[in-house]
Amino acid sequence: MSTFITPLSTVHPDDAVTELVGDSVVVSEYEDSHAEYSSLRDRAGLVDLGGAALILVAGRDAPAFLQDILARDVEFLTPERTLTSLVLDDDGHIVDVVVVWGHDDGAIVESSVGGGTRLLDHLRARATGEVELTDLRGERTVIAIEGPYSWGVIGRLIDNELAALPLDSVVEAIWSDVDVLFARSGFTGEYGYKMIVPVDRAAELWALAATEATPVGNDAYELAMLEVRQPVARHETDGGVGVIESGTSWLVDITKESFVGRGAVDAEFGAQGGRRTVGFITDGDVPAAGTPVTAGTETVGEVVHAVESYGTGRVLGLARLDRDLAAAGLVLDVAEAPAETVTSPYVTPKSWSIPIV
């Protein structure tokens, strides 16, 4: 599998901490992940999403193809909208969590960070008829700005009117004389904006944005996502997990007549057993994925993912538990430490109480 490096790697500091996420090398921390997290929750954070693939789906049969491979209904998706959806395989297992950008020629499908190769392979295997799939890496990349005051940054950098766009709206905009595809979209629960920009101008635009917002690494960004229960694909979709077990059924339109994996999803909805994903907090050490969750002497589940949460001041994680125990307010044991199950969001975003002015 090829390894991709963000087009912005040339402007990131030499001492930035990087990691391999799926097929992409990303910055996990610039200087201090706690300070970077604080910028997302208190002001405005700048995020390099160059580790996400952008796949243009075009051709006469593109609308039917998208309707087939996406778990949410895109029949009425217009070039002025985005949509977040799951992509499933025939067994109902999650291939990726994607953002679909309406486009005049069909749609641009944005993969999760590091998930581009797996997604593109899946799409190519399913494409029939007149469907053209173009990997836009090398031509376009994604820059995001999120935070309770990110709207002010957008107003100063681009246009005040863009800041108050309806959620999931897409427009063509001019940023420093560069044509960009602009969306009000994000994953942290705070006000969020994304820009698809040309690779050859990305470094210039990043430097301009960095005068107004703090660069944020992947560690802080994923933590902010977890705190509002946005799925982090690389931690939550491995191991052949389905949408009910993973707690991502809100990214499926169950009333949609047909899509890849629909039969398996119906079967999972109808099943009486299985496990469910629930959040937990603990004052113990950060448990590794796969750590057993116990009730007394009985193993009732396992940890999916856990990190130190700056927003809660404790260890925050996700666990898959026996269905009967997938509820908030229970005290179980994780790595010999008490852990309480909790409801999401685990941190309340400040943007919920701060108006755009």
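Worth saying up front: this structure is predicted, and the values here are computed from it rather than measured.

Enquirer: Explanation requested: the pattern of salt bridges in the structure shown.
Expert: Once their charged atoms are close, side chains differing in charge can pair, the charge on each being opposite to the other. If you walk through the whole model with that rule in mind, you get 19 salt bridges. The closest approach of N and O atoms between R60 and D61, which form a salt bridge, is 3.8 Å. On the basis of relative accessibility, which here comes to 63%, the residue R60 falls in the exposed class. With a relative accessible area of 23%, D61 lands in the partly exposed category. Between E222 and R234 there is a salt bridge, with the nearest N and O atoms lying 2.9 Å from each other. Residue E222 is located in helix α7 (residues 218–227), and its partner R234 is located in helix α8 (residues 233–236); the two are separated by 12 residues in the primary sequence. Given the relative accessible area of 10%, E222 is considered buried.

Enquirer: Just to check I follow, could you spell out the packing of aromatic side chains for this structure?
Expert: Two aromatic rings are characterised by how far apart their centres lie and by the angle between their planes. What the rule picks out here adds up to 4 aromatic pairs. Residue placement shows R137 over the ring face of F4; its charged tip is 3.7 Å from the ring centre.

Enquirer: Explain unusual backbone geometry here, please?
Expert: Most peptide bonds adopt trans geometry, and most residues besides glycine take a negative phi value. The omega torsion across S344 and P345 is 0 degrees, close enough to zero to call that bond cis. With respect to the element layout, P345 can be found in the segment after β20 (337–342). Unusually for a residue other than glycine, D168 sits at a positive phi of about 75 degrees. The backbone of S176 sits at a positive phi, close to 55 degrees, despite the residue not being glycine. Topologically, S176 is positioned in the loop between β11 (170–175) and β12 (178–183). S176 sits in the partly exposed class, given a relative accessible area of 31%.

Enquirer: It is not clear to me how empty space enclosed by the protein should be interpreted in this structure. Could you clarify?
Expert: Going through the model one piece at a time under the given rule, you end up with 3 cavities of 30 Å³ or more. One number sums up the size of the largest cavity: a volume of about 260 Å³. Taken together, 20 residues make up the lining of the largest cavity; nearest its centre are S111, S112, V113, F187 and M225. Per-class residue counts for the lining of the largest cavity are 12 nonpolar, 4 polar and 4 charged. Estimated volume of the second largest cavity: approximately 120 Å³. Along the wall of the second largest cavity there are 16 residues; nearest its centre are V26, V27, D48, L49 and N218.

Enquirer: Just to check I follow, could you spell out the nonpolar core for this structure?
Expert: Across soluble globular proteins, nonpolar side chains have a tendency to be buried as a group. With 31 residues, the main nonpolar core has I145, W175, V180, F182, Y193, M195 and V197 as its most contacted residues. Of all the elements in the fold, those that place two or more residues in this core are β10 (140–146), α4 (150–157), α5 (160–163), β11, β12, β13 (192–198) and α6 (199–209). Core analysis: the second largest hydrophobic core is formed by 26 residues, L54, I108, A220 and V232 among them.

Rules used throughout
- Residues numbered from 1 in each chain as written.
- Predicted model: local features only at pLDDT ≥ 70, side-chain atom pairs only at ≥ 80, totals over all residues.
- Heavy atoms only, no water.
- Salt bridge = Lys/Arg side-chain N within 4 Å of Asp/Glu carboxyl O.
- Buried < 20%, exposed > 50% of the residue type's maximum accessible area, 1.4 Å probe, protein only.
- Helix = DSSP H or I, 4+ residues; strand = E, 2+ residues; numbered from the N terminus.
- Phe/Tyr/Trp six-rings, centres within 6.5 Å; stacked < 30°, edge-to-face > 60°.
- Lys NZ or Arg CZ within 6 Å of the ring centre and 35° of its normal.
- 1 Å grid on protein atoms, 1.4 Å probe; cavity = no way out; pocket = protein on both sides within 12 Å on 5 of 7 lines; lining within 4 Å.
- Points joined across faces, edges and corners; volume = space filled by probe spheres on them.
- Nonpolar A, V, L, I, M, F, W, Y, C, P; charged D, E, K, R; others polar.
- Core = buried A, V, L, I, M, F, W, Y, C linked by side-chain atoms within 4.5 Å.

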